[in-house]
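# Remarks on the overall topology
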Amino acid sequence: MRLSRFGQKFSGHSGIVQLMDDLGKAMAESDDMLMLGGGNTSHIPEVQKIFHRELTKIVDDRPALNALLGNYDGPAGELKFREDLAALLKEEYSWDLTADNICLTHGSQSAFFALMNMLAGKIDDSSSRKILLPLIPEYIGYTDQGIDENFFETVKPRIQEFDDNTFKYRIDFDALDISDNIAAICVSRPTNPTGNVLTNTEVDKLDKLAKKNDIPLIIDNAYGLPFPDIIFVEAKPVWNENIILCMSLSKLGLPGARTGIVIADKTYVQALSNINSILSLSPGSCGAAIASDLVKTGEIMNISRDIIKPYYQSKAEKAIAVIKREFDGLNYAMHKSEGAMFLWLWFKDLPISSYELYERLKAKKVLVVSGHYFFFDKTKDWQHSQQCIRMTYSMDEVVVEEAIKIIAREVKSLQV
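Read on for an overview of the structure. Note on numbering: residues in each chain are counted from 1, in written sequence order. Reporting in this predicted model follows two pLDDT cut-offs: at least 70 for local features of residues, and 80 or more for side-chain atom pairs to be given and counted; totals over whole chains, interfaces and linings ignore these cut-offs and use all residues. Side-chain numbers come from the whole structure's heavy atoms, not from hydrogens or water.

Another aspect to go through is unusual backbone geometry. A cis amide bond links I136 to the next residue, P137, at an omega of 10°. Helix and strand definitions follow DSSP, with helices as H or I runs of at least four residues and strands as E runs of at least two, each counted in order from the N terminus. Locating P137 in the fold gives a position in the loop between strand 4 (128-133) and strand 5 (152-154). That bond from F227 to P228 is cis: its omega, 10°, falls within 30 degrees of zero. The residue P228 is located in the loop between strand 9 (217-220) and strand 10 (243-248) in this model. Phi angles above zero are rare outside glycine, and D214 is one such case at about 55°.

Residues F6, F10 and I147 make up a contiguous nonpolar surface patch of about 260 Å² in total accessible area. Take F10: it is sitting in helix 1 (residues 5-10). For every residue, the accessible area (1.4 Å probe, protein chains only) is compared with the maximum for its type, and the residue is labelled buried under 20%, exposed over 50%, or partly exposed between those bounds. Note on F10: relative accessible area 31%, which makes it partly exposed. Patch members must show over 30% relative accessible area and no salt bridge, and they are joined within 9 Å when carrying like charges or within 5 Å when they are nonpolar side chains of Val, Leu, Ile, Met, Phe, Trp or Tyr. Surface accessibility in these figures is a Shrake-Rupley result with a 1.4 Å probe; residues are shielded only by whichever protein chains are displayed. Here a salt bridge means any side-chain nitrogen of Lys or Arg lying within 4 Å of a carboxyl oxygen belonging to Asp or Glu.

Moving on to the sheet that holds strand 7 (residues 166-170). Strands are labelled as partners when DSSP assigns at least two bridges between them. Sheet architecture is open: 6 strands sit in the order 6-7-12-13-16-15, paired in mixed fashion. Of all strands in the sheet, those with a lone pairing partner are strand 6 (158-161) and strand 15 (369-370), marking the two edges. Sheet topology note: the strand 6/strand 7 ladder contains 4 bridges and is antiparallel. Note on strand 7: the bridge partner recorded for R158 is R170. Contacts are assigned to residue pairs with any non-hydrogen atoms lying within 4.5 Å of each other. Whenever a helix is involved, its axis is fitted only over the stretch in contact; in every case the axis is a line through C-alpha atoms, and angles between N-to-C directions fall within 0 to 180 degrees. Those strands touched by helix 12 (residues 397-414) are strand 13 (342-347) and strand 16 (388-392), and its axis lies near 165° from that of strand 16.

Here we come to the pattern of salt bridges. This model, assessed by the stated rule, comprises 17 salt bridges. Put simply, D306 and R305 hold a salt bridge, and the shortest N to O gap is 3.2 Å. Assessed through its relative accessible area of 47%, D306 is described here as partly exposed. According to the relative accessible area criterion, R305 is partly exposed, its value standing at 44%. Put simply, E410 and K364 hold a salt bridge, and the shortest N to O gap is 3.2 Å. Of this pair, E410 sits in helix 12 while K364 sits in the loop between helix 11 (354-363) and strand 14 (366-367), and the two are 46 residues apart along the sequence. Three or more residues are tied together by salt bridges with common partners; here these are R53, E54, K57, D293 and E299.

Below, the structure written as structure tokens:
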């Protein structure tokens, strides 16, 4: 089989391919694998009950069911859902939005592929533009998004360490170079993999830098405000016409519905809608249908604030307590848990690479993610990138505790 450059790049090996392949095999083939590797949400009983209620309403309404299954939505996604979401965000935050500022996609991953490649890569004069990632480590799913090579510009973070075996990555603003070849600035908030939440001041600085250089600021808000609100520190939601805010229904508990939400200036939304038409005619309807009344009534805000957020915060606190107990005596640090559903562990004198540790843990039926996948561009050669792993705490607490014990034993055996 002879493949084009596109075919070779997107059918080849990558971190996100390995992650999803490992998860799929583990779910299908192994009942005893301790799954701390993926970003699958917990099945929260109270939230599942609400989804069941909404699905039952659709099934019992024959015209609604026929429309859901039998009609295409427009290329920007279901209009009424977009209108109601714009109204909700306008009421909550006074954002000047209409449905024309919102586009739905087949999940956030698809949205970022379209957004990043319509902004960066080769342009008309044969020069190239890049996406600037000002805070590394960053989401594994970005790594291979670019159709062209040399797609990202990255900057090493500052590391602020604390006395309780925790640390926090900070943007090194002095090292940011917004040259003419930068097409956009992109951050996730909360950050996958570390659970870092950029401060309001950091976001404001990035917004001003983007405006000054006439480029958009893309904020990956998959875990953020107002839904699913998996944020454990003070954070202000932010949007303006220079910000492309990307949201999702996945972390609300609907990853199978594959519903991404892009909130942006109308010109970006129109371009993204056109891409939707070419790639898939229109985005899927299921997620918008399930969440429609939740958005219209504002119940989605209450679900996020009163159920989802405290649920994950409690699980994080319990997992951290186990880590502190089991990792006693290890030379380690853990990133401050500020949001999302991950814990980021740094083993400062790890004698093997993080990938080798990942393989050794997988052989012991513990699935994590090697930290090196989250370092792009020039930061890939940083020694720190070989000393970290990402684990999720969204699984059953018994599973999480047993997996942490195995991780601790394995790392201790390497440091003897």
